[in-house]
Amino acid sequence: MLAVVSGCGGHPKDVLTPVADTAPQSHKVDMLIATTRSQSTVPGQMFTGERALAPNFADITVSVPPDSARKVGEISWPKKLPPNPATDFATLKADMISLDAAKAWLNASIKKTPDGSALVFIHGFNTRFEDSVYRFAQIVRDSGVDSAPILVTWPSRGSLLAYGYDRESTNYTRNALENLFQYLAKDGEVKEVSILAHSMGNWLTLEALRQMAIRNGGLPTKFKNVMLAAPDVDVDVFRSQIVDMGDPHPQFTLFVSRDDKALAVSRRVWGDVARLGSIDPETEPYKQELADNKITVIDLTKVKAGDRLNHGKFAESPEIVRLIGARISDGQTLTDSRVGLGDKILAATTGTAAAAGNAVGLIVAAPVAVVDADTRDNYGSQLGALGPKSVARSKPLPACRTTSSVNCRKY
């Protein structure tokens, strides 16, 4: 981990100052922002990690470089400002708008879709506003989804040591997210809603859906897909949330990875209780329980991506992000047989159990949303506060002596 800190530089911050569209061949992603973050006075930042008294809205257009200049799953952060739209992600428009203007944006954007669909993305822990914007633009572009993109971004301080604050910020945002869901449910122009949540954002998503179901006596049928990527959620709590949502509920697709190091640490933080995103898909009694609820589990353990904590595979793996687009746009089942990925993806309607985890030191305090240059900047800024005892052990743990034990794992 220290090698990651010392060996990787950061990218420019405050990248949301609009620039001219100098690369007509680039791809444009226009998104609606709904946020409980406070507005920033810093040019190019737009929103901070602090909490606003009321929701804010914005209309942002991001330019994504041509396919020849970027790998699928990759955010091409500019090395300097202003960015070059031919090679970098760049902001073309970043306008604060009113609630009425947000409703008008949604109405116009929904009418442009072939099926009247909306995609709502809720990011995870340790995410600055600009990170959430560029990550969602990457997902929209790489997935090929045609739905109206809505980014829900909640107050995160973008620091590994702000886990408690971020967690409470998701609770702070529950009512606002439920209000958005209620509006989408009542809007006759919106025919279908898909939801993609990551890490701690899954807690916010599930709680908002649960509140909505209790208030309305169930969830609307137009809420077709709820995709839970690396959810930092207690498995016992998830079980109760599903019960509260009633039946029928949306089609839940659960993206898990048993080598997710961030969730292994989170398990320790939460009293060694299994986290939903690091399951063993073949372990009972969860397998039968999740099968009964028709919840599909996609095991990404064998999928390799650039995230060193194995926590952001859903967005960084070209195969997976395209699968997400297929699921949303075409209603395809997320299985390896459908997309021909062979043993790279083990897909089944299964349950959930704990992946045994070992803390890698206080330098990784909790799950991260996107392990990018900004996160590495935070590592560097926090090292002094952690002290020498916080450094992760550099000596590898002993290897398993046998492969027959179900609890025997290598780290």
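Remember, predicted model here, so these are calculated numbers, not experimental data. (Residues numbered from 1 in each chain as written. Predicted model: local features only at pLDDT ≥ 70, side-chain atom pairs only at ≥ 80, totals over all residues. Heavy atoms only, no water.)

(A) Structural context of the pattern of salt bridges. Inspection of every chain in the model, using the stated rule, returns nine salt bridges. One salt bridge in this structure joins Asp-59 and Lys-93, with 3.0 Å as the shortest N-O distance. Pair noted here: Asp-59 is in strand S2 (residues 47-64) and Lys-93 is in strand S3 (residues 90-97), with a separation of 34 residues, a long-range link. (Salt bridge = Lys/Arg side-chain N within 4 Å of Asp/Glu carboxyl O. Helix = DSSP H or I, 4+ residues; strand = E, 2+ residues; numbered from the N terminus.)

(B) Up close: the environment of Asn-225. With respect to the helices and strands, the residue Asn-225 is situated in strand S7 (residues 223-229). The exposure class assigned to Asn-225 is buried, which follows from its relative accessible area of 4%. Between the C-alpha atoms of Asn-225 and Leu-119, which are 106 residues apart in sequence, the distance is 9.5 Å. (Buried < 20%, exposed > 50% of the residue type's maximum accessible area, 1.4 Å probe, protein only.)

(C) Representation of the nonpolar core within the structure. Val-120, Ile-122, Phe-181, Ile-195 and Phe-238 are the most contacted members of the largest nonpolar core, which totals 49 residues. The greatest single-element share of this core, amounting to seven residues, is contributed by helix H5 (residues 201-216). Among all residues touching Phe-238, those that are not within four sequence positions of it are Leu-206, Leu-228, Val-233, Leu-276, Leu-290 and Ile-295. Grouped together as the second largest cluster of nonpolar side chains are 32 residues, Val-15, Ala-94, Val-133 and Ala-137 included. (Core = buried A, V, L, I, M, F, W, Y, C linked by side-chain atoms within 4.5 Å. Contact = heavy atoms within 4.5 Å.)

(D) The arrangement of H5 in detail. Compared with the 22 Å implied by 1.5 Å per residue over 16 residues, the 22 Å span of H5 between its first and last C-alpha is a close match. Within H5, twelve of the 16 residues are buried, which leaves it mostly tucked inside the rest of the structure. Listing the buried residues of H5 in full gives Gly-201, Asn-202, Trp-203, Leu-204, Thr-205, Leu-206, Glu-207, Ala-208, Leu-209, Gln-211, Met-212 and Ala-213. Considering only its buried residues, H5 is in contact with strand S4 (117-122), helix H4 (163-186), strand S6 (192-198), S7, helix H6 (235-245) and strand S8 (251-256). (Expected span 1.5 Å × (residues − 1).)

(E) Quick look at the packing of aromatic side chains. Taken as a whole and assessed by the stated rule, the structure comprises seven aromatic pairs. Centre to centre, the rings of Phe-89 and Tyr-134 are 5.6 Å apart; their planes meet at 45°, and the pair counts as tilted. Pair noted here: Phe-89 is in the loop between S2 and S3 and Tyr-134 is in helix H3 (residues 129-143), with a separation of 45 residues, a long-range link. For the pair formed by Phe-89 and Tyr-134, the shared burial category is buried. Joined through ring pairs, the aromatic side chains of Trp-77, Phe-89 and Tyr-134 make up one cluster. Lying over the aromatic face of Trp-203, Arg-167 brings its terminal NZ or CZ to 4.3 Å of the ring centre. (Phe/Tyr/Trp six-rings, centres within 6.5 Å; stacked < 30°, edge-to-face > 60°. Lys NZ or Arg CZ within 6 Å of the ring centre and 35° of its normal.)

(F) Expanded view of unusual backbone geometry. Residue Pro-82 is bonded to the preceding Leu-81 through a cis peptide linkage, with omega at -5°. Inspection of the secondary structure assignment puts Pro-82 in the loop between S2 and S3. Cis peptide bonds are those with omega within 30 degrees of zero, and the linkage from Asp-247 to Pro-248 qualifies with 5°. Looking at the element boundaries, Pro-248 is found in the loop between H6 and S8. The backbone of Met-46 sits at a positive phi, close to 75°, despite the residue not being glycine. Structurally, the position occupied by Met-46 is in the loop between strand S1 (27-39) and S2. The phi torsion at Ser-199 lies on the positive side, around 55°, for a residue other than glycine.

(G) Main features of the confidence of the model for the protein chain. Summing up the model confidence of the protein chain, the mean pLDDT is 74 and the portion of residues at 70 or higher is 65%. A low-confidence stretch, residues 1-9 (pLDDT under 50), is modelled with 17 contacts involving residues beyond four sequence positions or located in other chains. Counting contacts from residues 331-411, a segment whose pLDDT is below 50, to residues more than four positions away or on other chains yields 188 contacts. (pLDDT = per-residue confidence, 0-100.)

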